[in-house]
Amino acid sequence: MNDSTLRVAIVGGGLAGLAAAVALLEAGCAVELFEARRQLGGRAASFEDGDAGQQVDYCQHVSMGCCTQLAHFCRTTQVDELFREDDTLHFIGPDGKRFDFSATAGLPAPLHLLPGLLRLDFLSFPDRLHAARLLMRLAAWEPGNGALEPTVAAWLAGNHASLELTRRFFATVLVSALGETLENAALGPARQVFLDGFMRSAAAWKLRVPRVPLREIFDARVGAWLCSRDVTIHRSVPIRQVRVEDKRFTALEFGDASPRVFDACVVAVPWRRLAQLLPAEIAAAWPALALAKELLPSPITSAHLWFDRPITELPHAVLIDRLCQWVFQHRSETVPDSAAPHNYVQVVISGSHELAQRSRDDVRRQILDDLHAVFPDSRTATLLESRLVTDPQAVFSVRPGSEKHRLPAITPIDGLYLAGDWTQTGWPATMEGAVRSGYLAAAAMLRAAGREPRPLIGDLPPSWLARLLFTFDRPNAARLPANKT
């Protein structure tokens, strides 16, 4: 290390903190990362189920082809091969009929998915045509001047979407993508999901699914990659406080150790934790911090089920108009040999607010009823074990007005930067948003130090037809502001 090397601390070892570490490492900084828990990855983490004898993800994480920053992060840290690509979505209608949804080769976006949409006969044919019209109308939607944007449910009702179309198509796509119900979710993030994920590029909508437990990807492999390049990672080391003197970051304070001095710091923790890390007088004098504390959370529930035999041959299924939204079946590529006889299925229920009022046994019964209704083999399979895991603060709620509560990477404190999927990334709470936030924080830090950062990886280029039809400059897209907030 020479005198010009920027010594950087990163507080938080989730995807945002890991991405900031990668970007700062690439820029030649000396990086130390502090994680309060034993495992890196934040919410993209796993636990060991003793009875099943395997690593189990707290919640299934997937990305899409439009997630360009996450793809760059995975390529850079050499974990890209630990994801598979699914280019067919398997929908299961309310009557149990299966629909394999895929793109039509040779058609430019957004026409590449239109034939598939028109074949979804769990919707009436008029509803399928209306869905196509509404998607075009949504792509053209722009927020009004100063007006609070509507919820997705209110916009659909105002555009004469039937109850079946709302539940069976829009809720199916958006609730899992946004982590929130249509009654709560703002229209702007919904527009982004459809525009960037389905209507921009023929490659944008394909699923990227982890082939191994998340701990293997982000804790073991990414952690080892960083350590091999001289990033110092401190696990199980909580930070007591971020020290600030004369409106400048100076050091990190620990519970029972001496403070550590750094040139700059990225704080990559949930919004509800940020104020706790700052001196009280600094937090009180930062008006935007009070806004951030008003962000509301949205819960996600995962059901982990082990059967004595496979219940479906599908790697994933999207259940229409049921409590269970997504079902993932994990086979040999994710299950150790010692647990091979155990067929593990994970069910994901996003925006699961209403489940808080129900007993776990009641929820488990409805989940099994859903599986029995759509997978005949599950009716004769024996359930060996089950776990129901709800994270009540899994993601921030993308409600109307939530954007004003999201903070930029740059803070009023010199040398202190923010990252996290809840910051201003232009994305909802996703792995892509988390990685983008880490890259944005690193870029802001480097520019303040007089260095030109690596630019963000561009979005997928739109097809020629999409360029003619749509505007892709989002009002909430992430920017590197010139002034502090």
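Reference entry: report on the structure contained in this document. (Residues numbered from 1 in each chain as written. Predicted model: local features only at pLDDT ≥ 70, side-chain atom pairs only at ≥ 80, totals over all residues. Heavy atoms only, no water.)

1. Thoughts on the sheet that holds strand β2 (residues 30-34)
Step number 1: Strand order in the open sheet made by the five strands is β10-β2-β1-β14-β20, with parallel pairing throughout. The two strands at the open ends of the sheet, each matched to only one other strand, are β10 (232-234) and β20 (416-418). Ignoring strand direction, the axes of neighbouring strands in this sheet form an average angle of 20 degrees.
Step number 2: The pairing of strand β1 (residues 7-11) with β2 spans five bridges and is parallel. Residue pairing across strands places I10 opposite L33, the latter belonging to β2.
Step number 3: On top of the sheet, helix α1 (residues 15-26) reaches β1, β2 and β14 (264-267); it is set at about 170 degrees to β2, its chief contact. (Pairing = 2+ DSSP bridges. Helix = DSSP H or I, 4+ residues; strand = E, 2+ residues; numbered from the N terminus. Axes fitted to C-alpha atoms, helices over the stretch in contact; angles between N-to-C directions. Contact = heavy atoms within 4.5 Å.)

2. Quick word on the sheet that holds strand β9 (residues 207-210)
Step number 1: Strand order in the open sheet formed by three strands is β5-β9-β6, with antiparallel pairing between adjacent strands. Both outer strands of the open sheet, β5 (63-64) and β6 (83-86), are each paired with one neighbouring strand and no more.
Step number 2: Note: β6 against β9, four bridges, orientation antiparallel. For D86, the partnering residue across the bridge sits in β9 and is L207.

3. A look at the pairing of strand β15 (residues 297-307)
Consecutive side chains along a regular strand alternate between the two faces of the sheet.
Step number 1: Taking burial as the measure, the 11 residues of β15 include 10 buried ones, the bulk of the element.
Step number 2: Inspection of the sheet shows β15 paired to strand β19 (residues 383-396) by 10 bridges, in the antiparallel sense. Across the sheet, residue L305 finds its bridge partner in β19, namely S386.
Step number 3: Here eight bridges tie β15 to strand β18 (residues 343-350), and the two strands are oriented antiparallel to one another. The residue bridging A303 from the neighbouring strand is V347, located in β18. (Buried < 20%, exposed > 50% of the residue type's maximum accessible area, 1.4 Å probe, protein only.)

4. Brief notes about the environment of P189
Step number 1: Summarising the element assignment, P189 is placed in helix α7 (residues 187-199).
Step number 2: In this structure the C-alpha to C-alpha distance between P189 and P428, which are 239 residues apart in sequence, comes to 6.7 Å.
Step number 3: Setting aside residues no more than four positions away along its own chain, P189 makes contact with E149, L178 and V398.

5. Examining the pattern of salt bridges
Step number 1: According to the stated counting rule, one finds 29 salt bridges in the structure shown.
Step number 2: A salt bridge links R240 to E253, with the shortest nitrogen-to-oxygen separation between them at 2.5 Å. Taken as a pair, R240 in the loop between β10 and β11 (241-245) and E253 in strand β12 (residues 248-253) lie far apart in primary sequence, 13 residues in all.
Step number 3: The closest approach of N and O atoms between R358 and D362, which form a salt bridge, is 2.9 Å.
Step number 4: For R358, a relative accessible area of 22% gives the class partly exposed.
Step number 5: When salt bridges with common partners are traced through the structure, they connect E354, R358, D362 and R365 into a single cluster. (Salt bridge = Lys/Arg side-chain N within 4 Å of Asp/Glu carboxyl O.)

6. With respect to the packing of helix α6 (residues 163-178) against α7
Step number 1: Interaxial distance between α6 and α7 falls to 10 Å at its minimum, and their mutual angle equals 95 degrees. In terms of their interaxial angle, α6 and α7 are classed as roughly perpendicular. Contacts between α6 and α7 involve F169, F170, V173, L174, A177 and L178 from the former and P189, A190, V193, F194 and F198 from the latter. (Parallel < 35°, antiparallel > 145°, perpendicular 65-115°, else oblique.)

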